[in-house]
Amino acid sequence: MSAGEEISGEARPRLPRGVRLKFDEARGGTVLLAPERVVRADAVAVAILERCDGTRTLNKLVEELCEVYKGDAKRIEADVRALLADLAAKRMLDL
Amino acid sequence: MNEPIRIKSAIESPLGLLAELTHVCPLGCPYCSNPLELDARASELDTAAWLRIFSQAAELGVLQVHLSGGEPAARRDLTEIVAHCARLSLYTNLITSGIGLSEAGVARLSEARLDHVQLSIQDCEEESADRIAGYKGAFAKKLQVARWVVATGIPLTINAVIHRANVQRATGMVQMAIELGARRVEIAHTQYYGWGLKNRAQLMPSREEADAAWSEVEALRAKVEGKIVVDHVAPDYHARTPKPCMGGWGRRTLNISPTGKALPCHAAESVPGLEFWNAREHSLAEIWEKSPAFNAFRGTEWMREPCRSCEWREVDFGGCRCQALALLGDARATDPACHLSPRHAMMADIARRDSAPLGAAAYAYRRMEKMR
């Protein structure tokens, strides 16, 4: 089983309080700030995390990204699930 | 792709700033990271000076500020400071004993958009916890504060320092953090500087106890993944490799003392001959780039062998300068926690000696000298 396969398509991923994206002017790029953590977020991660606001379902989020990136839907969904599973394990994302 | 070449400043901006707002604290923990000589309340920076420092920090590229002490809640301007940092979009982390926080105070900090609270606990057993803190009622108060914090929705980290009085309950403290609703827990074996060094013979667990606690917490970590994040700090005296102290000297973070002194780490004042600049007189950017203390051990140029040619030199940066000084009398030496140090064997010898059964001796609690 690949990472995040067990997450329901109806889950509404949300960055909890204390975890937020910030543009890092001094070094360039975007970072995800969390308790005692600073993580660089690439463009794809930013596109996913900006949509983790607790209103969209995982299915809807994937659908939106497919429209923006015009990529292979299966591949996009796998990427999204892997990122969400990783952050949830680190308690940086609520599902 | 042809990207324009960006000229980068030779010295990268710091990511974090640790603000020791005050050395005042009601607790007397015998491993306190504050220096033995504590700053008196009357010599502390005023509110305007702190706000200026945080503005300069944001401009310099700092992303996270750690509001610490002493007990930061002993400062009446704590909420004002948090609100100012939030306006600057700085990530605020309150490092607190919990003593001095009220329910209304926690609510005000939440409204000021505090990002995270790190609450210390001394043990998961009340009597032992209060004895370690040197403060009756501390444990009960901390549980109350943890509930208030969780109720506001601010993420909570529980921090527990491990030593011989609680080493057998390291996993109990992880369980307690889960029960309190913390999202993260730090299980940190004692670091022996300042007060910890002074109390080393009272605090040092045996090698067997430290090893057992380590493996039990590691085993538990895997089981609780997704429920709580466990950050584990190794017992130095039983280690084979040194910790990359502060992620490298003058590389990622800076400390500001209650009086405004800019330090590369908590214990840097113990290193003789370093010239520290004060944030009352210099901007943070100036201090970060030019102050002699920050440049003293920056990078790898200052190193001697075996660090100088070591393949790990940019991973652990030779370990901790303050520990090399405290144990070998030489801040440029390889941290003896490293197995490549010619003096490495002394760590195990000290640990063995200091973990011998205790006689009648008691903690030298961290207390401020009474004003004369």
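Our structure is the block above this text.
What you see is a predicted model; the values in this text were computed from it and never measured.

K.L.:
Looking at this structure, I do not really get the side chain of His116(B). What am I missing?
P.N.:
One can find His116(B) in strand β4 (residues 116–121). There is a polar contact of 2.9 Å between the side chain of His116(B) and the side chain of Asn93(B).

K.L.:
Help me understand the pairing of strand β3 (residues 91–96) of chain B in this model?
P.N.:
Consecutive residues of a regular strand have side chains that alternate between opposite faces of the sheet. Residues and elements named next belong to chain B. The element β3 is largely enclosed, with a buried count of five among its six residues. Strand direction decides the pairing type here: strand β2 (residues 64–68) and β3, joined by four bridges, are parallel. Residue pairing for β3: Leu-67 is matched across the bridge by Leu-94. Handedness of the β2-helix α2 (residues 78–87)-β3 crossover: right-handed. Bridge count for β3 against β4 is four bridges, and the pairing is parallel. In the sheet register, Asn-93 faces β4, and the bridge partner there is His-116. Of the crossover connections in this fold, the one passing from β3 over helix α3 (residues 103–111) to the parallel β4 is right-handed.

K.L.:
How do you make sense of the sheet that holds strand β3 (residues 37–41) of chain A when you look at a structure like this?
P.N.:
Hydrogen bonding along the main chain pairs the strands of a sheet, whether they run parallel or antiparallel. Residues and elements named next belong to chain A. Strand order in this open sheet of three strands is β1-β2-β3, and the pairing throughout is antiparallel. Of all the strands in the sheet, just β1 (20–23) and β3 have a single pairing partner and so form its edges. Neighbour-to-neighbour, the strand axes of the sheet open up by a mean angle of 35°, direction not taken into account. Bridging between β1 and strand β2 (residues 30–34) involves four bridges; their strand directions are antiparallel. For Arg-20, the partnering residue across the bridge sits in β2 and is Leu-33.

K.L.:
Just to check I follow, could you spell out the pattern of salt bridges for this structure?
P.N.:
Applying the stated criterion across every chain, the model contains 26 salt bridges over all chains. Of the charged contacts, one joins Arg353(B) and Asp354(B) as a salt bridge, the two residues approaching to 3.3 Å between their closest N and O atoms. Residue Arg353(B) is classed as exposed on the basis of its relative accessible area, which comes to 53%. Asp354(B) gets classed as buried once you look at its relative accessible area, which sits at 7%. Ionic contacts of the salt-bridge type, sharing partners, join the residues Arg14(A), Arg91(A), Asp94(A) and Arg183(B) into one network.

K.L.:
How should the nonpolar core be read in this particular structure?
P.N.:
One finds Leu17(B), Phe54(B), Leu67(B), Ile187(B), Ile256(B) and Leu284(B) to be the most contacted residues of the largest nonpolar core, which totals 65 residues. Broken down by element, the residue count for this core peaks at seven residues, all from helix α1 (residues 47–60) of chain B. The residues touching Ile256(B), leaving out its near neighbours within four places in the chain, are Leu17(B), Leu18(B), Ala19(B), Glu20(B), Leu45(B), Trp50(B), Ile53(B), Lys261(B), Ala262(B), Ala279(B) and Leu284(B). One finds Ile7(A), Ile48(A), Leu84(A) and Leu93(A) within the second-largest nonpolar core, a separate group that totals 22 residues.

K.L.:
Sorry, what's going on with the sheet that holds β2(B) here?
P.N.:
Residue and element names in this part refer to chain B. The strand order across the open sheet formed by nine strands is β7-β6-β5-β4-β3-β2-β1-β8-β9, and the pairing between neighbours is mixed. Edge positions in the sheet fall to β7 (229–233) and β9 (262–263), since each has one partner strand and no second. Sheet analysis places strand β5 (residues 156–162) next to strand β6 (residues 184–189), joined by six bridges and oriented parallel. Paired with Val-161 across the strands is Ala-188, a residue of β6. Against the sheet, α1 touches β1 (16–20), β2 and β8 (253–256), its axis set at about 170° to β1.

K.L.:
Just to check I follow, could you spell out unusual backbone geometry for this structure?
P.N.:
Glycine aside, the phi torsion of most residues is negative, and most peptide linkages are trans. All names here are of chain B. Note that the residue after Gly-69, namely Gly-70, is joined by a cis bond; omega there is 5°. Mapping Gly-70 onto the fold places it in the loop between β2 and α2. The omega torsion across Glu-305 and Pro-306 is 5°, close enough to zero to call that bond cis. Tracing the backbone through its elements, the reader meets Pro-306 in the loop between α11 (292–296) and α12 (313–316).

K.L.:
Even after reading the chapter, I still don't get the state of the cysteines, so can you show me in this structure?
P.N.:
Linking two cysteines covalently via their sulfur atoms produces the bond known as a disulfide. Following the criterion strictly, the structure yields zero disulfides over all chains and no others. With no disulfide of its own, Cys52(A) lies 15 Å from the sulfur of Cys66(A), the closest cysteine sulfur. With no disulfide of its own, Cys322(B) lies closest to Cys265(B) among cysteine sulfurs, the gap being 3.6 Å.

K.L.:
Please explain the interface of chain B and chain A as it appears in this structure.
P.N.:
Interface size is commonly expressed as the accessible surface area that is lost when the partners come together. At the interface, 36 residues of chain B touch 20 residues of chain A. Summed over both sides, the interface of chain B with chain A buries roughly 2,200 Å², with 45% coming from carbon and sulfur. Our count for the chain B to chain A interface comes out at three salt bridges. With its nearest N and O atoms 2.9 Å apart, the salt bridge here joins Arg37(A) to Asp231(B).

Cut-offs and rules
- Residues numbered from 1 in each chain as written.
- Chains lettered and ligands numbered in written order.
- Predicted model: local features only at pLDDT ≥ 70, side-chain atom pairs only at ≥ 80, totals over all residues.
- Heavy atoms only, no water.
- Helix = DSSP H or I, 4+ residues; strand = E, 2+ residues; numbered from the N terminus.
- Polar contact = N/O pair within 3.5 Å; in protein donor to acceptor, adjacent residues only side chain to side chain.
- Buried < 20%, exposed > 50% of the residue type's maximum accessible area, 1.4 Å probe, protein only.
- Pairing = 2+ DSSP bridges.
- Right-handed = clockwise from strand over helix to strand, strands pointing away.
- Axes fitted to C-alpha atoms, helices over the stretch in contact; angles between N-to-C directions.
- Salt bridge = Lys/Arg side-chain N within 4 Å of Asp/Glu carboxyl O.
- Core = buried A, V, L, I, M, F, W, Y, C linked by side-chain atoms within 4.5 Å.
- Contact = heavy atoms within 4.5 Å.
- Disulfide = S-S within 2.5 Å.
- Buried area = accessible area lost by both parts, 1.4 Å probe.

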